[in-house]
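Understanding the architecture of this molecule
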Amino acid sequence: MPNDYVVHVLVLGLATTAAFSPPTRPRPLARAAFLAGMVVNEVPHLVLTLLAVSTAAAVWSGDLRRDVLSGVLLAGAAATAVMLVGLTRRATRSSSVADAALRAAGIDRAPPRQSRWRTALAPLPIRPRSVQRLRNLRYGDHRRQRLDVLRRRDRPTGGPVLVYFHGGGYFSGSKNWEGRGLLHHLAARGWLCVSATYRLRPGAGFEEHLADAEAAMAWAREHAEEYGADATTVVMAGSSAGAHLTSLYALRATPDERPAAAVCLYGYYGRYYGRGRDEVVTSTPFALPASDAPACLIAHGSLDNQTSAATARALADKLRAESSQPVVHVELPGGQHAFDFVSSWRLTAVIDTLDALLADIGVGAKRRLEAS
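Report follows, based on the coordinates. What you are looking at is a predicted structure, and each value in this text was computed from that prediction instead of being measured.

1. Re the overall build of the chain
A count of helical and extended segments in the chain gives 11 helices and eight strands. Compactness check: the chain gives a C-alpha radius of gyration of 22 Å against a globular reference of 21 Å for 372 residues, within 12% of the reference. Here the chain, with 372 residues, has 55% of them falling under the buried criterion. Accessible surface, the chain: about 16,400 Å² in total, of which carbon and sulfur atoms supply 56%. Of the charged side chains in the chain, 43 are positive and 32 negative, and the gap between their average positions amounts to 5 Å.

What follows is the structure in structure tokens.
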């Protein structure tokens, strides 16, 4: 029995199990399961194809025989295949769940911009040829105070601005590889997209993170016209720690600084490390009034074992209770943390939902947002 098929079944089986039923405790195990199952959870149909091809090759070559080991391997492959089919069914339900979230918010669904088949066959978040990326522009003096600008190469004018903040628990993360699918999608439609890094722990604390978010947003407003965009229409987005920053900025900002909408993906919304109720600068959106909050999209995976889906639900409830603006909460079935790592069915559903929300509040309905 060649070792390569044994390795295939073992590795794919463990990764699929981690994606199908990720543990939440202890934290090191939860983290390991998240990392092991992250890609499998978003492209289970491709992993199923790989498993089928590997099994067929083993059968064709005669490596699988009528012995105990071959039987165990085939049983393991079959169990993995069943889980992969289940993961695929979960992922493909994302669109219907997102539609239901829009209806609950009283918003009409926007026509999907990408077919399910295209998403299935081309999940890598490769930057389109039509989109140009300008790297490492300064918004401050620190080496982490850098941002990238993504825009369409034909340089359309009057488009809105998106400012995106990466995740990483405030001690890691980068503008170079997070949020690719969302940024590429909007840039291709004529938006000016800004992806910013910020100072990290332990060299920086909460006040520095928040100051960097404020500085990056100010840079976007100040330089939008220079890049042909509309400085009066700025949407803020972030994932994980970046969603935490986004939620806080959206509730703290003055009317002149407030974004047109806030997009929070698999965010953490509790207090900053080691902080309690006596903190001087509030580090949780739950402790801030939300009567003046902008329109919000909160998207979270139902099986996220890194940040709590229940907390995302609670934040959505708070915003609905206090804000007059639309609040769309999408809890993606079977979704894990970092579901936007690839351009999967879940991310496509979230992007279509964002399109609908922006159109509802008047951002996206004008000719300036139409793709070429």
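Additional details are given in the paragraphs that follow.
2. What about the pattern of salt bridges?
Scanning the entire structure with this criterion turns up 13 salt bridges. A salt bridge links Arg199 to Asp212; the shortest N-O distance between them is 2.8 Å. Separated by 13 residues along the polypeptide, Arg199 in the loop between strand S4 (192–196) and helix H8 (206–223) and Asp212 in helix H8 bring together distant segments of the chain. For Asp212, a relative accessible area of 1% gives the class buried. For Arg275, the salt bridge identified is with Glu279, shortest N-O distance 3.7 Å. Under the relative-accessibility criterion, Glu279 is labelled buried at 13%.

3. Some details on the side chain of Arg133
Looking at the secondary structure, you find Arg133 in strand S1 (residues 131–138). Residue Arg133 is classed as buried on the basis of its relative accessible area, which comes to 15%. A polar atom in the side chain of Arg133 sits 2.5 Å from the side chain of Asp148.

4. Structural notes on the packing of helix H1 (residues 3–20) against helix H3 (residues 44–60)
Remark: H1 packs on H3, axes separated minimally by 10 Å, with the N-to-C direction vectors making an angle of 155°. With respect to their mutual orientation, H1 and H3 come out roughly antiparallel. The hand of the H1/H3 crossing is left-handed. Contacts between H1 and H3 involve Tyr5, His8 and Leu12 on the former and, on the latter, Val47, Leu50, Leu51, Ser54, Thr55 and Ala58.

5. A closer look at the packing of helix H7 (residues 180–188) against helix H11 (residues 345–360)
Interhelical geometry of H7 versus H11 gives an angle of 40° and a closest axis separation of 10 Å. Classed by the angle they form, the pair H7 and H11 counts as oblique. The hand of the H7/H11 crossing is right-handed. Touching Gly181, Leu182, His185 and Leu186 of H7 are Leu347, Ile351, Leu354 and Asp355, all from H11. In terms of residue class, the contact of H7 with H11 is made up of five nonpolar, two polar and one charged.

6. A word on the packing of aromatic side chains
For the structure on display, the rule yields eight aromatic pairs. For the pair Phe206 and Tyr272, a centre-to-centre distance of 5.5 Å together with 50° between the ring planes defines the contact as tilted. On the criterion of sequence distance, the pair formed by Phe206 in helix H8 and Tyr272 in the loop between strand S6 (261–265) and strand S7 (295–301) is long-range, its members being 66 residues apart. Exposure remark for Phe206: the relative accessible area of 0% places this residue in the buried category. A network of ring pairs unites the aromatic residues Phe165, Tyr170, Tyr198, Phe206, Tyr272 and Tyr273 as a single cluster. Sitting over the ring of Phe20, Arg90 keeps its end group 4.4 Å from the ring centre. The lysine or arginine in question, Arg201, covers the ring of Tyr273, its NZ or CZ lying 3.9 Å from the ring centre.

7. Notes on the pairing of strand S2 (residues 146–152)
Most of S2 sits inside the fold, with seven of its seven residues counted as buried. With four bridges connecting them, S2 and S4 associate as antiparallel partners. Among the inter-strand pairings, Leu150 is bridged to a residue of S4, identified as Cys193.

Definitions and limits used
Per chain, residues are indexed from 1 in the order of the written sequence. Per-residue local features of the predicted model are confined to residues with pLDDT of at least 70, and side-chain atom pairs are confined, for both listing and counting, to 80 or more; whole-chain, interface and lining totals are unaffected and use all residues. Hydrogens and water are ignored here; the side-chain numbers use all heavy atoms of the structure. Only DSSP runs of H or I reaching four residues or more are called helices, and only runs of E reaching two or more are called strands; each is numbered from the N terminus. Throughout, radius of gyration means the C-alpha value; the globule benchmark is 2.2 Å times the number of residues raised to the power 0.38. We call a residue buried when its accessible area falls under 20% of the maximum for its residue type, exposed when it is over 50%, and partly exposed in between, using a 1.4 Å probe and counting protein chains only. For the area figures, the Shrake-Rupley method with a 1.4 Å probe applies, and any residue is considered shielded solely by the protein chains shown. Charged residues are defined narrowly, with Lys and Arg counted positive, Asp and Glu counted negative, and His plus the chain ends left uncounted. For charged residues, the charge sits on one atom: NZ in Lys, CZ in Arg, CG in Asp, CD in Glu. Within this document, salt bridges are pairs made up of a side-chain nitrogen of Lys or Arg and a carboxyl oxygen of Asp or Glu, the two lying within 4 Å of each other. Whenever a nitrogen or oxygen atom comes within 3.5 Å of another N or O atom, the pair is scored as a polar contact, on the condition that within protein one atom can donate a hydrogen and the other can accept it, and that pairs from neighbouring residues in sequence are kept only if both atoms are in side chains. Axis lines are fitted through C-alpha atoms, for helices just across the contact stretch, and the angle between N-to-C directions can take any value from 0 to 180 degrees. We call two directions roughly parallel when the angle between them is under 35 degrees, roughly antiparallel when it is over 145, roughly perpendicular when it lies between 65 and 115, and oblique otherwise. For a crossing to be left-handed, the near helix must be turned anticlockwise from the far one by less than a right angle; the clockwise case is right-handed. Here, two residues are considered to be in contact whenever any of their heavy atoms come within 4.5 Å of each other. Here the nonpolar group is Ala, Val, Leu, Ile, Met, Phe, Trp, Tyr, Cys and Pro; Asp, Glu, Lys and Arg are the charged ones; every other residue, Gly included, is treated as polar. Classification of ring pairs uses Phe, Tyr and Trp, with its six-membered ring standing for Trp, and accepts pairs whose centres are within 6.5 Å; under 30 degrees between planes counts as stacked, over 60 as edge-to-face, and the remaining range as tilted. Charges are assigned to positions over rings by a cutoff of 6 Å between ring centre and Lys NZ or Arg CZ, combined with an angular limit of 35 degrees from the ring normal. In short, DSSP must find at least two bridges between two strands for them to pair.

Treat this as a map of the structure, not an account of what it does.
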